[in-house]
Amino acid sequence: MNLLTRRSGISFLLSSISASQSTLFLRHSTLTNAFLIKPVVFHAQNAHASSTHHYGKVTRSASTIKLSSGDDAETSDGFPTDYPNLDLLIRPSIGAIRKACRIASYLQPETSNSQVSGITKTDTSPVTIGDFAAQAIVLKLLHEEFGKDQDVFIAEESSKNLDDELSNEILSVLERLGLDDIISTQKDLEESIDLGQTYKNDGDLLDSIKDMIEERKSKSLTTRTWCLDPIDGTRGFLRGKYDGGQYCVALALIENGVPVLGLLGCPNLPSNPLHENYEWEKNEQGEVDMITEKDRGCIFVAHRGGGCFQLPLYSPKGDDHDLSGAQRVQTTQSGSLPLEQSRFCIGVEKYGDPEGKVSAIATKIHGKLDDDGDILFTRRMDSQVKYGVVARGGSEFITRLPKKSYQEWIWDHAAGRIVIEEAGGKQTDTEGNLIDYGLGAKLDMNVNGILISSGGMYHDVLLEAYQEQEQERSKE
Ligand code: AMP
Ligand code: MG
């Protein structure tokens, strides 16, 4: 199945997707109502029956899920007036994220059979014109705002992967969306994308950047790093708007190896956490219900020490810098949901857990698997949207346990780290250590997995379950 083709008709086969298990997930996801995807073959009829003992049907008191509105007292546009760096950092970064979300949302295919222009990168991952356009716009805006401060930018995409035809397509999309006042030429497009190309293939920073950082250090100046994944979960993006395809624009600001600001723009995530249907069903006329359509999309914003907030995807006032409608979010508080009912929000792609360790962990936490031998209470979705779901109490655990040789990119977890921490949760390596985000574009080789939870006892339990199954594995 070609998910990604050029509009000119030249096809690029995404063999990594079509040949892998993800195709199975893809097909199942179109059959089920909620995003209750499990790696088993089941049919539309029993999908609904089986959902009763799954995640979407867990009954919980509304208060643990419901978003609380910001600070009860003084709020500025929904944010507390004393929220850290409100005007200096928060407004400009939300402005940039909203524009990127507009591009991505406009370009996301409606279903897994729809098309969007793009290419397959050498590592076999897909990249679309949406990735390039979103990266160019965000970096251009941030550079205008913060370049003079000698901030460093690290972002996933490179203009090397663009040709004239794709560039022209991107420029016409920017024009259609009224963003051509920001970028309107191919040269500007390429230069803007490459503002984030400050690292080598192995993740090490370019020597020129290292020299600049060292020079500033000698003057006792720290250098801030912005890290961007313009479309995190491109595979989810390609799964389609109405097929539950989740993805996000993920931006983090890192200081001294620690993320201090994180934004997750999630154009396809329901803003209402009680809205269980992640698939945006169409009605008999083929139209998406207007009520759920209005509910589509949200942005998570977290600055160290300020708490985590959820914002509407677009400002009701039509101003991208507007912060109205912000609501504070919190993870499930320790003890408020029994462990036997705790929920796993995990990736769709098998590379997040190639050895099947999550089943062993879940068995320890839930006490059992379901009758089909699958994890109870799971929700599968791509990208750091998972962090947003846990941040607002929609799930308790995320696991990321790729094969040992895989070294993670910082943009896949940096924004998620601060979002989850400010909501009351935790992200660590598998030994319980906090992760260093200041080593370049990749994490330390020795990080052999990432565990994320609602925090408190949930994290202790997750670490313990991971370590127990490792010990049992080593005895086998
Ligand atoms: P997820 O959407 O949670 O499956 O994670 C998406 C991210 O995983 C992508 O942005 C990739 O950078 C990253 N990724 C790609 N290939 C691999 C792999 N083989 N192992 C682990 N992570 C990968
Ligand atoms: Mg990406």
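Because the structure is a prediction, the values reported are computed rather than measured. Sequence positions are assigned chain by chain, starting from 1 and proceeding in written order. Chains and ligands are labelled by the order in which they are written, letters from A for the one and numbers from 1 for the other. At least 70 in pLDDT is required for a residue's local features to be given in this predicted model, at least 80 for side-chain atom pairs to be given and counted, and no such filter applies to totals for whole chains, interfaces and linings, which use all residues. With hydrogens and water excluded, all non-hydrogen atoms of the structure serve as input to the side-chain values.

**Student:** Would you mind showing me how to read the packing of aromatic side chains here?
**Tutor:** Centre distance and the angle of the planes are the two values used to describe a pair of aromatic rings. Between the rings of Phe, Tyr and Trp (Trp by its six-membered ring), a pair exists once the centres lie within 6.5 Å; its type follows the angle of the planes, with under 30 degrees stacked, over 60 edge-to-face, and the other angles tilted. One pass over the structure, following the stated rule, counts ten aromatic pairs. Ring geometry for Trp 409 versus Trp 411: centroids 4.6 Å apart, planes at 10°, classification stacked. The buried label applies to any residue whose accessible area, calculated with a 1.4 Å probe on protein chains only, is under 20% of its type's maximum; exposed applies above 50%, and partly exposed to all values in between. Look at Trp 409 and you get buried, because its relative accessible area is 17%. Taking the relative accessible area as the measure of exposure, Trp 411 reaches 3% and is therefore buried. An aromatic cluster of at least three residues, connected via ring pairs, comprises Phe 79, Tyr 83 and Phe 309. Positioned above the aromatic ring of Trp 409 is the side chain of Lys 442, whose terminal nitrogen or guanidinium carbon lies 4.4 Å from the ring centre. Any Lys NZ or Arg CZ that is within 6 Å of a ring centre and within 35 degrees of that ring's normal is treated as a charge sitting over the ring.

**Student:** Would you mind showing me how to read the site of ligand 1 here?
**Tutor:** We call a residue near a molecule or strand as soon as one heavy atom of that residue lies within 4 Å of the molecule or strand. Taken together, the residues surrounding ligand 1 are Asp 229, Asp 232, Tyr 351, Asp 382, Ser 383, Lys 386, Arg 400, Pro 402, Tyr 406 and Asp 412. Here Asp 412 contributes a side-chain N or O atom positioned 2.7 Å from an oxygen atom of ligand 1. All accessible-area figures derive from a Shrake-Rupley calculation using a 1.4 Å probe, and residue coverage is judged against the displayed protein chains alone. About the coverage of ligand 1: the protein hides 82% of its 500 Å² of free accessible area. Under the rule applied, a polar contact is a pair of N or O atoms within 3.5 Å (in protein, one hydrogen donor and one hydrogen acceptor; residues adjacent in sequence only if both atoms are side-chain atoms).

**Student:** What is the right way to look at the coordination of the magnesium ion (ligand 2) in this model?
**Tutor:** Counted as coordinating are nitrogen, oxygen and sulfur atoms within 2.8 Å of the metal, or 3.2 Å for Na, K and Ca, while water is not included, which may make sites look incomplete. Protein-derived ligands of the magnesium ion (ligand 2) are Glu 156 (OE), Asp 229 (OD) and Ile 231 (O), with the metal-ligand distances lying across 2.0 to 2.4 Å. Binding-site remark: the magnesium ion (ligand 2) is held by donors from one chain whose sequence spacing is E-x72-D-x1-I. A relative accessible area of 1% places Asp 229 in the buried class. Accessibility expressed as a relative area gives 1% for Ile 231, which makes it buried.

**Student:** I keep staring at the UniProt feature "binding site: Mg(2+)" (unreviewed entry) in the protein chain and nothing clicks. Help me out?
**Tutor:** UniProt positions are given in the numbering used here, feature names are shortened, and annotations may be inferred rather than shown by experiment. Sites flagged by UniProt as "binding site: Mg(2+)" (unreviewed entry) map to Glu 156, Asp 229, Ile 231, Asp 232 and Asp 412. Of the residues just listed, which span 257 residues, no C-alpha pair is farther apart than 10.1 Å, and they cluster in one region. Of note, Glu 156 is situated in the loop between strand S8 (152-155) and helix H7 (164-176). The exposure class of Glu 156 is partly exposed, given its relative accessible area of 21%. Setting aside its immediate chain neighbours within four residues, Glu 156 contacts Lys 121, Gln 135, Gln 197, Tyr 199, Leu 228, Asp 229, Pro 230, Ile 231 and Trp 411. Only 3.4 Å separates the side chain of Glu 156 from the side chain of Lys 121, close enough to count as a polar contact. Put simply, DSSP H or I for four residues or longer makes a helix, DSSP E for two residues or longer makes a strand, and each gets a number counted from the N terminus. The topology assignment puts Asp 412 in the loop between strand S17 (397-400) and helix H14 (414-422). Residue contacts are counted whenever heavy atoms from the two residues lie within 4.5 Å of one another. Here Asp 412 is in contact with Asp 229, Asp 232, Gln 384, Tyr 387, Arg 400 and Tyr 406, once residues within four sequence places are set aside.

**Student:** I would appreciate a short explanation of the pattern of salt bridges in the present structure.
**Tutor:** Two side chains bearing opposite charge may form a pair once their charged atoms approach each other closely. Salt bridges, as used here, are contacts in which a Lys or Arg side-chain nitrogen is within 4 Å of a carboxyl oxygen on Asp or Glu. Taken as a whole, this structure holds 26 salt bridges when the rule is applied. Put simply, Asp 320 and Arg 102 hold a salt bridge, and the shortest N to O gap is 2.6 Å. Taken together, the residues Asp 320 in the loop between strand S13 (307-312) and strand S14 (327-329) and Arg 102 in helix H5 (residues 86-107) connect sequence positions 218 residues apart. Linking Lys 364 and Glu 472 is a salt bridge whose minimum nitrogen-to-oxygen distance equals 2.8 Å. In this pair, Lys 364 is assigned in helix H12 (residues 357-366) and Glu 472 in helix H15 (residues 456-475), connecting sequence segments 108 residues apart. Using a relative accessible area of 30% as the deciding quantity, one classes Lys 364 as partly exposed. Overall, the relative accessible area of 40% leaves Glu 472 in the partly exposed class.

**Student:** Would you explain helix H6 (residues 129-146) in this entry?
**Tutor:** Note: α-helices contain 3.6 residues per turn, so residues at a spacing of three or four share the same orientation. Every helix has an expected span of 1.5 Å times one less than the residues it contains. Here H6 is 18 residues long and its end C-alpha atoms lie 25 Å apart, about the 26 Å a rise of 1.5 Å per residue gives. Extensive coverage of H6 is indicated by the burial of 15 of its 18 residues. At the N-terminal end of H6, a side-chain oxygen is found 3.0 Å from the backbone nitrogen of Gly 130, two or three residues along, and the residue is Thr 128.

**Student:** Could you clarify how one ought to interpret H12 in this entry?
**Tutor:** Turning to H12, its buried residues number three or more, namely Lys 357, Val 358, Ile 361, Ala 362, Ile 365 and His 366. The buried residues of H12 all sit within an arc of 150° when viewed along its axis, so they share a single face. Against the buried residues of H12 lie strand S15 (344-346), S17 and H15. Just downstream of H12, Gly 367 is the residue with a positive phi angle, here 90°. This arc describes the spread of directions from the helix axis toward the C-beta atoms.

**Student:** Quick question: what am I supposed to make of the environment of Thr 225 here?
**Tutor:** By the element assignment, Thr 225 lies in strand S9 (residues 225-232). Since its relative accessible area comes to 14%, Thr 225 is described here as buried. The contact partners of Thr 225, leaving out residues within four places of it in the chain, are Val 152, Ile 154, Ala 252, Leu 253 and Ile 254.

**Student:** I tried to follow the nonpolar core on my own but got confused; where do I start?
**Tutor:** Buried together is how nonpolar side chains tend to be arranged in soluble globular proteins. Nonpolar cores are built from buried Ala, Val, Leu, Ile, Met, Phe, Trp, Tyr and Cys residues. Side-chain atoms within 4.5 Å join them into one set. Counting 60 residues, the largest nonpolar core has Phe 79, Ile 90, Trp 226 and Leu 311 as the members making the most contacts within it. Among all residues touching Trp 226, those that are not within four sequence positions of it are Leu 89, Ser 93, Leu 142, Phe 146, Asp 151, Val 152, Phe 153, Ile 154, Leu 251, Ala 252, Leu 253 and Leu 261. Ranked by size, the runner-up nonpolar core spans 44 residues in total, among them Phe 300, Cys 308, Ile 418 and Ile 435.

**Student:** I keep staring at the packing of H6 against helix H8 (residues 186-194) and nothing clicks. Help me out?
**Tutor:** Two elements in contact, H6 and H8, have axes whose closest approach is 8 Å; the angle formed by their N-to-C orientations is 80°. Between H6 and H8, the angle is such that the two are roughly perpendicular. Where H6 approaches H8, its residues Phe 132, Gln 135, Ala 136, Leu 139 and Lys 140 are matched on the opposing element by Asp 188, Leu 189, Ser 192 and Ile 193. Here the contact of H6 with H8 is composed, by residue class, of five nonpolar, two polar and two charged. Every angle, taken between N-to-C directions, lies between 0 and 180 degrees, and every axis is a line fitted to C-alpha atoms, over only the stretch in contact when it is a helix. An angle counts as roughly parallel when it lies under 35 degrees, as roughly antiparallel when it exceeds 145, as roughly perpendicular when it falls between 65 and 115, and as oblique in every other case. Charged residues are taken to be Asp, Glu, Lys and Arg, nonpolar residues to be Ala, Val, Leu, Ile, Met, Phe, Trp, Tyr, Cys and Pro, and polar residues to be all remaining types, Gly included.

**Student:** I would appreciate a short explanation of the side chain of Ser 158 in the present structure.
**Tutor:** Among the secondary structure elements, Ser 158 is positioned in the loop between S8 and H7. At 3.0 Å, the side chain of Ser 158 forms a polar contact with the backbone nitrogen of Lys 160. Ignoring any residue separated from it by four or fewer positions in sequence, one finds Ser 158 in contact with Phe 132, Ile 193, Asp 194 and Gln 197.

**Student:** Please clarify how the side chain of Asp 295 should be interpreted in this entry.
**Tutor:** One can find Asp 295 in the loop between helix H11 (290-294) and strand S12 (296-303). Of the side chains with opposite charge, Arg 392 lies nearest to the buried Asp 295, which makes no salt bridge, at 7.1 Å. Note on charges: Lys and Arg go in the positive column, Asp and Glu in the negative column, and His and the chain ends are not counted at all.

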